[in-house]
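Take a look at the letters that make up each chain.
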Amino acid sequence: MPFGYASPEQIMRDKADYARKGIARGRSVVVLQYEDGILFVAPNPSRALHKISEIYDRIGFAAVGRYNEFEELRLGGIRYADINGYTYDRSDVTGRGLANLYASNLGRIFTESIKSLEVEVVVAEVGDTPDGDAIYRLTFDGSVFDEHGFAAMGGQAEAVATRLKEHYREGMPLAEALGVALTALTEPGGERPPVAQLEVAVLDRTREHRKFQRLTGPRLERLLSQGTATPPPAADSAPAEPGETPPPTAPDGDVDDGSSPL
Amino acid sequence: MASHRDLPAGLVNHFFSNTGSSSFTEFVGSYAPELLPQRDSVLATPIGDQVPHATTIVAATFAGGVVMAGDRRATSGNIISQRDVEKVFRTDDYSCMGIAGTASTGIEMARLYRVELEHYEKMEGRTLSVAGKANRLATMIRGNLGMAMQGLVVVPLFAAYDPDRDGGRIFSYDVAGGPYERERFDAIGSGSIFARGSLKKLYREDASADDMVMTLIQALYDAADDDSATGGPDVTRKIWPIVSVIDADGYRRLTEDEVSGYVEQMLDARMIAPDGPIAPLR
């Protein structure tokens, strides 16, 4: 143990810096609404270690950062959802409840542990109509952001979010939304990630029972070719209206001043 | 073990530290055992006919899949307690189960079993093999043995599409577990003896899904014809059997309109020949 005194502010700042650096090392993940639900796109060379996953009938999960840490969150979320759906009814499992569970755990670990989790998580829930869709983004310190339309995290998250905001519009068909996501994930002038290194999934409100579905193989390739065939929407097409940085839904405080925690 | 409702706040982390198997039932058993169907406490006396019983379920394979159908009657002794009860349940995208016996226990078992299969699938990122699914159901029935001894007997029939064989598979169980894999077809419940006799005569190896649905509807009618606890199609109230088809495209429950089409066709024929189609003698 080092000698000397470090103020609580300093300790928190150090932890946050540490977590932010860890998260920025990985690649970005993008989550956005399209006409029939919510689309998840992640560049991911692994076929088996997923960054995107099903939690429950209407709820999907995406994460960046340390795999072992967000995998534990994912498994905990599935346990939470299954036990609540079994205790009450399947319709009583909500994305908001899951986001709150994650937020409290992330917040507790951030304050109580020496090392905070190096993860950022999206919990998305598809509704019966686009208005019922919800995208919650959670940061390593337990802050919850109720995102509208789209969310980007990990890697060069700010740049990705900016590109996403430029091209996103409400009610896009799936192929176009996929095109927009890939444009956002690709640096200007850069190469798009090859199909084999893409993890893509949707929460499709038109599906029965369980809405989550991975898109792979020929279907994904077909969508990608459609998505690139249509030119990206012009800059003057309606931008997402709640474009500004959304306010944090967690209580205000030192750690939670919205735009950039700490 | 304390119930999850009175765990101190810090122990919510149990959700995150449990790294045991991918079985939902095992997780609940360690975490909130009171949510599971009662395993230890048994009733003082057998309760026999006081709770509703569900009866006949039939299932048969066809080239590329499997069909399952169930009648809609629940009885308490000689009383018809419900006319539109559902006894065939989708358990995941490629499987279903039908229940005969104590309705409440059966419905609870089907509900838990569905979560069990999905839980494994989500935790592991792969679906259980068909044999794995059948074994898992057997374990759950064995867990219910104590209650079965008290008269709360429930026996399921399990059907699934097996992608490795590109065909359907059927498993049946007794109160002590199983599973017993059945070739071609099987039936459970009090009308099953009559349904099985009917299926034996009408089953064709090369039947299409459409023909096999018709075969099962005929078998259910024959069961209802001779067993008072099995309900026939209720023409006045428009209550039809539940019919599910599982093939490479997944589970599909036929709509009311589809089933009523089959049933009306069958009833028209039965107006002329009340005992139904005749199998060739040679």
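Everything numeric in this text was worked out from a predicted model, so none of it was measured.

**Focus on the overall build of chain B**
For step 1, the next point in the chain: Assigned secondary structure in chain B consists of 8 helices and 13 strands.
For step 2, the next point in the chain: Long-range pairs, those at least 24 residues apart, make up 66% of the contacts in chain B between residues at least 6 apart in sequence.
For step 3, the next point in the chain: Entry remark: accessible area of chain B is about 12800 Å², with carbon and sulfur atoms responsible for 53%.

**Remarks on the overall build of chain A**
For step 1, the next point in the chain: Along its length, chain A carries 6 helices and 10 strands.
For step 2, the next point in the chain: Within chain A, buried positions represent 54% of all 262 residues.
For step 3, the next point in the chain: Within chain A, residue pairs in contact and separated by at least 24 positions form 66% of the contacts whose partners lie at least 6 positions apart.

**So, the packing of aromatic side chains**
Centre distance and the angle of the planes are the two values used to describe a pair of aromatic rings.
For step 1, the next point in the chain: Within this structure, the stated rule accounts for 11 aromatic pairs over all chains.
For step 2, the next point in the chain: Their ring planes at 80 degrees and their centres at 5.9 Å tell us that A:Y86 and B:F24 sit as a pair that is edge-to-face. Taken together, the residues span two chains, with A:Y86 in helix α2 (residues 67-87) and B:F24 in helix α2 (residues 24-31). By the burial criterion, A:Y86 is buried, and B:F24 matches it.
For step 3, the next point in the chain: Seen in terms of ring centroids, B:F158 and B:F171 are 6.2 Å apart; in terms of plane orientation they differ by 35 degrees. Their pairing is tilted. Of this pair, B:F158 sits in strand β8 (residues 154-162) while B:F171 sits in strand β9 (residues 167-174), and the two are 13 residues apart along the sequence.
For step 4, the next point in the chain: Its end group placed over the ring of A:F110, A:K15 keeps NZ or CZ at 5.8 Å from the ring centre.
For step 5, the next point in the chain: Taking NZ or CZ as reference, A:R137 lies 4.5 Å from the ring centre of A:F145, over its face.

**Concerning the sheet that holds strand β2 (residues 37-43) of chain A**
Residue and element names in this part refer to chain A.
For step 1, the next point in the chain: The sheet built from 5 strands is open, its strands ordered β8-β1-β2-β9-β10 with antiparallel pairing. The open sheet terminates on both sides in strands that have one partner only, identified here as β8 (150-153) and β10 (212-215). Between one strand axis and the next, the sheet turns by 15 degrees as a mean value, whatever way the strands run.
For step 2, the next point in the chain: Of the pairings in the sheet, the one linking strand β1 (residues 29-34) to β8 comprises 4 bridges and is antiparallel in character. Bridging from a neighbouring strand, V31 pairs with A151 of β8.
For step 3, the next point in the chain: In the packing of helix α4 (residues 157-167) onto the sheet, the strands contacted are β1 and β8, and the crossing angle to β8 comes to about 155 degrees.

**Notes on the confidence of the model for chain B**
Residues and elements named next belong to chain B.
For step 1, the next point in the chain: Predicted confidence across chain B gives a mean pLDDT of 88, with 88% of residues reaching 70 or more.
For step 2, the next point in the chain: Predicted confidence for residues 1-13 stays below pLDDT 50, and this span has 19 contacts to residues more than four positions away or in other chains.
For step 3, the next point in the chain: What the predictor reports for the complex is a pTM of 0.84 with an ipTM of 0.82.

**Brief notes about the environment of A:L32**
Residue and element names in this part refer to chain A.
For step 1, the next point in the chain: With respect to the secondary-structure elements, L32 resides in strand β1.
For step 2, the next point in the chain: Here L32 falls in the buried class, since its relative accessible area comes to 0%.
For step 3, the next point in the chain: Linking L32 and D92, residues 60 residues apart in sequence, is a C-alpha distance of 24 Å.
For step 4, the next point in the chain: Discounting residues that sit within four places of it in the chain, L32 has contacts with G37, I38, L39, G149, F150, L164, Y168, M172, A177, V180 and A181.

**Structural notes on helix α7 (residues 209-226) of chain B**
For step 1, the next point in the chain: An ideal rise of 1.5 Å per residue puts 26 Å on 18 residues; α7(B) measures up with 26 Å between its terminal C-alpha atoms.
For step 2, the next point in the chain: Along α7(B), the positions that sit buried rather than exposed are B:M212, B:V213, B:M214, B:T215, B:L216, B:I217, B:Q218, B:A219, B:L220, B:D222 and B:A223.

**Digging into the pattern of salt bridges**
Residues and elements named next belong to chain A.
For step 1, the next point in the chain: Tallied over the full model, the rule gives 32 salt bridges over all chains.
For step 2, the next point in the chain: A salt bridge links E71 to R74; its shortest N-O distance comes to 3.0 Å. Placement of both E71 and R74 in helix α2 is noted, with a separation of 3 residues, approximately one turn of the helix. Accessibility classification places E71 together with R74 in one group, the buried group.
For step 3, the next point in the chain: Across the pair R214 and E199 runs a salt bridge whose closest N-O atoms are separated by 3.1 Å. Here R214, found in strand β10, pairs with E199, found in strand β9 (residues 198-204); they are 15 residues apart in sequence, far enough to count as distant.
For step 4, the next point in the chain: With relative accessibility at 6%, the residue E199 sits in the buried group.

**So, the nonpolar core**
For step 1, the next point in the chain: Core analysis: the biggest nonpolar cluster contains 31 residues, and A:I83, B:M97, B:L137, B:F158 and B:Y173 have the highest contact counts within it.
For step 2, the next point in the chain: Mapped by element, the contributors of at least two residues to this core are α2 of chain A together with α2, β7 (95-102), α3 (103-124), α4 (130-143), β8 and β9 of chain B.
For step 3, the next point in the chain: In terms of residues, this core owes the most to one element, α3(B), which gives 7 residues.
For step 4, the next point in the chain: The residues touching B:Y173, leaving out its near neighbours within four places in the chain, are B:A134, B:L137, B:A138, B:I141, B:V155, B:P156, B:F158, B:G178, B:P179 and B:Y180.

So, how was this worked out
Residues numbered from 1 in each chain as written. Chains lettered and ligands numbered in written order. Predicted model: local features only at pLDDT ≥ 70, side-chain atom pairs only at ≥ 80, totals over all residues. Heavy atoms only, no water. Helix = DSSP H or I, 4+ residues; strand = E, 2+ residues; numbered from the N terminus. Contact = heavy atoms within 4.5 Å. Areas by Shrake-Rupley, 256 points an atom, 1.4 Å probe, with all protein chains shown as cover. Buried < 20%, exposed > 50% of the residue type's maximum accessible area, 1.4 Å probe, protein only. Phe/Tyr/Trp six-rings, centres within 6.5 Å; stacked < 30°, edge-to-face > 60°. Lys NZ or Arg CZ within 6 Å of the ring centre and 35° of its normal. Pairing = 2+ DSSP bridges. Axes fitted to C-alpha atoms, helices over the stretch in contact; angles between N-to-C directions. pLDDT = per-residue confidence, 0-100. Expected span 1.5 Å × (residues − 1). Salt bridge = Lys/Arg side-chain N within 4 Å of Asp/Glu carboxyl O. Core = buried A, V, L, I, M, F, W, Y, C linked by side-chain atoms within 4.5 Å.

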